[in-house]
Protein chains: 2
Amino acid sequence: MATTRDLLVDTMKQLLWERGYDATSPNHVLERSGVGKGSFYHHFKSKKDLAVAAMEARADDLIAEFDSLISQSSGDWFDKVCAYLQLPRHALKGCRMGRIVQDPSVGDDQLLAPLDRYFSTMHQRFSGIYQEAQRQDKLAKTIPAEALATLTLSVIQGGFVVGKATSQDQIVDETSGSFMTLLESLKRH
Amino acid sequence: MATTRDLLVDTMKQLLWERGYDATSPNHVLERSGVGKGSFYHHFKSKKDLAVAAMEARADDLIAEFDSLISQSSGDWFDKVCAYLQLPRHALKGCRMGRIVQDPSVGDDQLLAPLDRYFSTMHQRFSGIYQEAQRQDKLAKTIPAEALATLTLSVIQGGFVVGKATSQDQIVDETSGSFMTLLESLKRH
DNA sequence: GTCTATAAGGCGATAGAC
DNA sequence: GTCTATCGCCTTATAGAC
């Protein structure tokens, strides 16, 4: 059963993706969810409170999505990274997490926390993959695993930004593809 | 002489960098510039009108900055690209142009125009550098010049996003550095 | 060109009845 | 738990005097 609380969180997740934090008002959430103002402030003490809950939930979703994808792949490090890079992404919609980082209010520690957790966790995951590949001598050590992990995340986030600015919805796939080609040149057999 | 109009544009440029478009109000601009409300709406018919002027000016600045840097460099394509990648960047401040793309109101055509012009122009500049390098056989043709140009811009923009999310001010420099190493492997002698 | 006063509406949040 | 009414503040402007 979907509780009112869950409904609010899910609606906030949608709106954070579509409009970010600052431009999403409690009224937007109420209008879309059909929940009343009284209920809102019964379950959450503030807009920020709801947003933090929504962002934590979103972070869990995306990390689970990643872990599920990687565990399904039976290939080597390169296949796993490619599986992730090749997920379809729409630049005009923006990254479900990264979309929010530029909002002025998101300088706040509480709002930053789930963002930090998401990107730090993803960084750990990629670092782990690259480290093991380097240990097994299947990946060149030209670039440290950690730096390569940061670059992997940045290529995707940057594709969203450039794609949105130039109204090119498919550009994240293009940058991911180019990056895959560069990664392949680091492959050892 | 700094006209009132110029003062408003310069102040808006600052605030767009610091707070983005949606979170910057006419009142913020007036407060910081010392200009009165009457003057504001005498020179500009709306907040959007001023923002467009400020963004066009910012695009001109950044393109001129790039052209000046590149014309000073006497090295090959790699040196030129590195000179740009090595410019100091602070992730926590955000890119002076890219910072704004995620604001909900920036779906608007007029606000998108200067952003599009900036990124398209930068893309052209990098494409030109990479194309000539490939023509002279000094750069591998593994990745088309245009795709490499997109990737170059994306790496920087993505660094800003990941850096801000994880509160790591120097991370754009790190991703730029990693990318330079990958680019170097495409160098032909 | 610049000033002050005012407007209509949205914002985030609270009060108190049911 | 949910409702409606209300609050004080901020927003993007506009009006009209100087």
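Residues numbered from 1 in each chain as written. Chains lettered and ligands numbered in written order. Predicted model: local features only at pLDDT ≥ 70, side-chain atom pairs only at ≥ 80, totals over all residues. Heavy atoms only, no water.

Named according to an unreviewed UniProt entry, chain A is Putative TetR-family transcriptional regulator originating from Neptuniibacter caesariensis.

**Q** So what exactly am I meant to see when it comes to the overall build of chain A here?
**A** Of the regular secondary structure elements, chain A holds 8 helices and 0 strands. Helices and strands in chain A line up, N terminus first, as α-α-α-α-α-α-α-α. Buried residues in chain A amount to 53% of all 189 residues. Considering only contacts within chain A whose residues lie at least 6 apart along the sequence, 69% involve residues at least 24 apart. Of the roughly 8100 Å² of accessible surface on chain A, a fraction of 48% belongs to carbon and sulfur atoms. Positive and negative side-chain charges of chain A, numbering 22 and 24 respectively, have mean locations separated by a distance of 1 Å. (Helix = DSSP H or I, 4+ residues; strand = E, 2+ residues; numbered from the N terminus. Buried < 20%, exposed > 50% of the residue type's maximum accessible area, 1.4 Å probe, protein only. Contact = heavy atoms within 4.5 Å. Areas by Shrake-Rupley, 256 points an atom, 1.4 Å probe, with all protein chains shown as cover. Lys, Arg positive; Asp, Glu negative; His and termini not counted. Charge placed at Lys NZ, Arg CZ, Asp CG, Glu CD.)

**Q** How should the environment of B:Phe179 be read in this particular structure?
**A** Locating B:Phe179 in the fold gives a position in helix α8 (residues 171–184). Sequence spacing of B:Phe179 and B:Cys82 is 97 residues, and the spatial spacing of their C-alpha atoms is 9.6 Å. The residues touching B:Phe179, leaving out its near neighbours within four places in the chain, are A:Leu151, A:Leu182, B:Leu85, B:Tyr130, B:Leu151, B:Thr152 and B:Val155.

**Q** Can you walk me through the interface of chain A and chain B in this structure?
**A** Often, the extent of an interface is quoted as the loss of accessible area upon association of its parts. Across the contact, 38 residues belong to chain A and 38 residues belong to chain B. Each partner contributes to the roughly 3500 Å² buried at the junction of chain A and chain B, and carbon and sulfur atoms together form 72% of this total. When the buried area of chain A at its contact with chain B is split by residue, A:Gln102, A:Val161 and A:Leu182 rank highest and sum to 20% of it. Summed over the shared surface of chain A and chain B, the number is 0 salt bridges. Counting across the interface, chain A meets chain B through 4 residue pairs in polar contact (both at pLDDT 80 or more). Counting residues per element, the ones that place at least two in the side of chain A that touches chain B are α6 (109–135), α7 (145–165) and α8 (171–184) of chain A. Among the elements that take part in the side of chain A that touches chain B, α7(A) stands out by supplying 14 residues, more than any other. Residues belonging to the side of chain A that touches chain B are distributed by class as follows: 18 nonpolar, 14 polar and 6 charged. (Buried area = accessible area lost by both parts, 1.4 Å probe. Salt bridge = Lys/Arg side-chain N within 4 Å of Asp/Glu carboxyl O. Polar contact = N/O pair within 3.5 Å; in protein donor to acceptor, adjacent residues only side chain to side chain. Nonpolar A, V, L, I, M, F, W, Y, C, P; charged D, E, K, R; others polar.)

**Q** When you look at the protein's contact with DNA strand C in this model, what are you seeing that I'm missing?
**A** Near DNA strand C you find 15 residues, and of these A:Ser25, A:Pro26, A:Lys47, B:Thr4 and B:Gly38 are the closest. Here a base nitrogen of DNA strand C sits 3.1 Å away from a polar atom, N or O, in the side chain of A:Lys37. Within the backbone of B:Gly36, one N or O atom sits 3.1 Å away from a phosphate oxygen of DNA strand C. Among the secondary structure elements, those contributing two or more residues to the surface near DNA strand C are α2 (26–33) and α3 (37–43) of chain A together with α3 (37–43) of chain B. The greatest single-element share of the surface near DNA strand C, amounting to 4 residues, is contributed by α3(B). (Near = heavy atom within 4 Å.)

**Q** What should I look at first to understand the UniProt feature "DNA-binding region" (unreviewed entry) in chain A in this one?
**A** The UniProt entry lists residues 25–44 of chain A under the feature "DNA-binding region" (unreviewed entry), expressed in the numbering used here. Annotated as 75% helix and 0% strand, the span residues 25–44 of chain A places its first and last C-alpha atoms 14 Å apart. (UniProt positions renumbered as here; feature names shortened; annotations may be inferred.)

**Q** Which parts of the structure should I look at to understand the protein's contact with DNA strand D?
**A** The full set close to DNA strand D counts 16 residues, and A:Thr4, A:Gly38, B:Ser25, B:Pro26 and B:Lys47 are the nearest of them. Side-chain polar atom of B:Lys37 to a base nitrogen of DNA strand D: 3.4 Å apart, as the coordinates give it. Within the side chain of B:Lys47, one N or O atom sits 2.8 Å away from a phosphate oxygen of DNA strand D. A total of 5 residues in the surface near DNA strand D trace back to one element, the largest contributor, which is α3(A). Here the surface near DNA strand D is built from residues that sort into 2 nonpolar, 11 polar and 3 charged.

**Q** Even after reading the chapter, I still don't get the packing of helix α6 (residues 109–135) of chain B against helix α7 (residues 145–165) of chain B, so can you show me in this structure?
**A** Any two packed helices are characterised by the angle at which their axes cross and by the distance between the axes. All names here are of chain B. At their nearest, the axes of α6 and α7 sit 8 Å apart, and the two run at 130° to each other. Our classification of the angle between α6 and α7 gives oblique. Considering how the two elements wind past one another, α6 and α7 form a crossing that is right-handed. Contacts between α6 and α7 involve Phe 119, Met 122, His 123, Phe 126, Ser 127, Tyr 130, Gln 131 and Gln 134 on the former and, on the latter, Ala 145, Glu 146, Leu 148, Ala 149, Thr 150, Thr 152, Leu 153 and Gln 157. (Axes fitted to C-alpha atoms, helices over the stretch in contact; angles between N-to-C directions. Parallel < 35°, antiparallel > 145°, perpendicular 65-115°, else oblique. Left-handed = near helix turned anticlockwise from the far one by under 90°.)

**Q** Could you clarify how one ought to interpret the packing of aromatic side chains in this entry?
**A** Two aromatic rings are characterised by how far apart their centres lie and by the angle between their planes. Residue and element names in this part refer to chain A. All told, the structure shown has 16 aromatic pairs over all chains when counted by the stated rule. With 5.2 Å between their ring centres and 75° between their planes, Phe 66 and Tyr 84 make a pair best called edge-to-face. Separated by 18 residues along the polypeptide, Phe 66 in helix α4 (residues 47–72) and Tyr 84 in helix α5 (residues 77–85) bring together distant segments of the chain. Among the residues examined, Phe 66 registers a relative accessible area of 2% and is labelled buried. Taking relative accessible area as the criterion, Tyr 84 reaches 9% and is therefore assigned buried. (Phe/Tyr/Trp six-rings, centres within 6.5 Å; stacked < 30°, edge-to-face > 60°.)

**Q** Which parts of the structure should I look at to understand the side chain of A:Thr11?
**A** Residue and element names in this part refer to chain A. Position of Thr 11 relative to the elements: it lies in helix α1 (residues 4–19). When its relative accessible area of 5% is taken as the criterion, Thr 11 is described as buried. Excluding anything up to four places from it in sequence, Thr 11 contacts Val 29, Arg 32 and Ser 33.

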